[in-house]
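Overview (structure and organization)
Single-letter residue listing:
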Amino acid sequence: MVIAKTIKHVRKIIFAAKQKNKTIGFVPTMGALHYGHLSLVRAARKNCDFVVVSIFINPTQFGPKEDFRKYPRQFNQDKRLLEIEKVDLVFYPSAAEMYLKDSSTYIKEVYLSEPLCGSTRPGHFRGVCTVVAKLFNIIEPDIAYFGQKDYQQARVVKRMVRDLNFPVKIKIFPTLRERSGLAMSSRNAYLDQKARGDALVLFESLKLAKKLVKEGERDPKKIINKIRKLIISIKNAKIDYVKIVDVENLRPVDKIKAKVAVVLAVYIGKIRLIDNVLVDANSN
Ligand code: PAF
């Protein structure tokens, strides 16, 4: 497994792989890897000849009051995990390598980025789109892998790829959960034992939504009210948003008629967690 810290080094290795007609699978990450990431790496390993993982905590997607500084950093452990998964190349650049001091070009998707996390975290998706576009230009993957846990991010990236004609296929893979149901996330590292228990309310909320739809409830407002009640019964939890949205345009639906996404963001103490589930009114 090669670890490349510069764009020049990555380009050289990718050029050689492409010369041998290898298909490139790419998993972009910010490190602090968990089984969710590894499931994406395994999918890439299965479908592609050459697997690249990037580890870069992208400063442009964090707001000034967010957790950029204390975001978990554990490169040595990540490296060991990726070696076991037989990754071919790890791109591990510095911020200076990725962003020149006077860099002044950004990519902004303006529709799918607007609601949900986009309204609580202004600038977040601009940072994500910019770094993902840069990584695609550097790595030139055939297929890039994203997790459904960041549902809005995956949709935004897909839209950017479509709109800007990036020659890459985006694959979205299901959220991996701990045995308790808690969605795997690097930010779970911030949770102590009590907070981990409180955080289960996200999964419980999604299960409740699924059950209600299965029982025939089609009014999103009623489902959202029940979820809100459940969440506020946890003292340490504060709702950012709970929405039931169209899977394509991410806007709230008036009635659940087909496939919808139940999406939520909840603070457990100071830690903001997100989760979602896709529910199909016609196949329950
Ligand atoms: O989901 C993430 O870890 C990040 O948003 C990504 C896609 C690696 C871009 O920095």
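Residues numbered from 1 in each chain as written. Predicted model: local features only at pLDDT ≥ 70, side-chain atom pairs only at ≥ 80, totals over all residues. Heavy atoms only, no water.

Of all hydrophobic cores here, the largest spans 47 residues; its most connected members are F136 and I139. Ranked by residues supplied to this core, first place goes to helix 6 (residues 124-139) with 10 residues. Once residues lying within four places of it in the same chain are set aside, the contact partners of F136 are F26, P141, A144, F146, V157, V161, F166, V168 and I170. Of all hydrophobic cores here, the second largest spans 31 residues; its members include V253, V260, V277 and V279. (Core = buried A, V, L, I, M, F, W, Y, C linked by side-chain atoms within 4.5 Å. Buried < 20%, exposed > 50% of the residue type's maximum accessible area, 1.4 Å probe, protein only. Helix = DSSP H or I, 4+ residues; strand = E, 2+ residues; numbered from the N terminus. Contact = heavy atoms within 4.5 Å.)

What follows covers the sheet that holds strand 2 (residues 24-29). Through backbone hydrogen bonds, the strands of a sheet pair up, either in parallel or in antiparallel fashion. An order of 1-4-3-2-5-6 is seen for the six strands of this open sheet, with the pairing classed as parallel. This sheet does not close on itself; its edge strands, each paired only once, are strand 1 (2-4) and strand 6 (169-173). Ignoring which end each strand starts from, the neighbouring axes of this sheet average 25 degrees apart. Here strand 2 runs beside strand 3 (residues 50-55); their pairing, made up of six bridges, is parallel. Considered in strand 3, the bridge of I24 is made with F50. Its contacts with the sheet place helix 6 against strand 2, strand 3, strand 4 (89-91), strand 5 (143-147) and strand 6, and it is angled at close to 150 degrees to strand 2. (Pairing = 2+ DSSP bridges. Axes fitted to C-alpha atoms, helices over the stretch in contact; angles between N-to-C directions.)

Around the ligand sit P28, T29, M30, N58, Q61, V131, F146 and Q153, and those are all the residues in its vicinity. At a separation of 2.6 Å, an oxygen atom of the ligand approaches a polar side-chain atom of Q61. About the coverage of the ligand: the protein hides 89% of its 290 Å² of free accessible area. Residues that form the shell around the ligand fall into these classes: four nonpolar, four polar and no charged. (Near = heavy atom within 4 Å. Polar contact = N/O pair within 3.5 Å; in protein donor to acceptor, adjacent residues only side chain to side chain. Areas by Shrake-Rupley, 256 points an atom, 1.4 Å probe, with all protein chains shown as cover. Nonpolar A, V, L, I, M, F, W, Y, C, P; charged D, E, K, R; others polar.)

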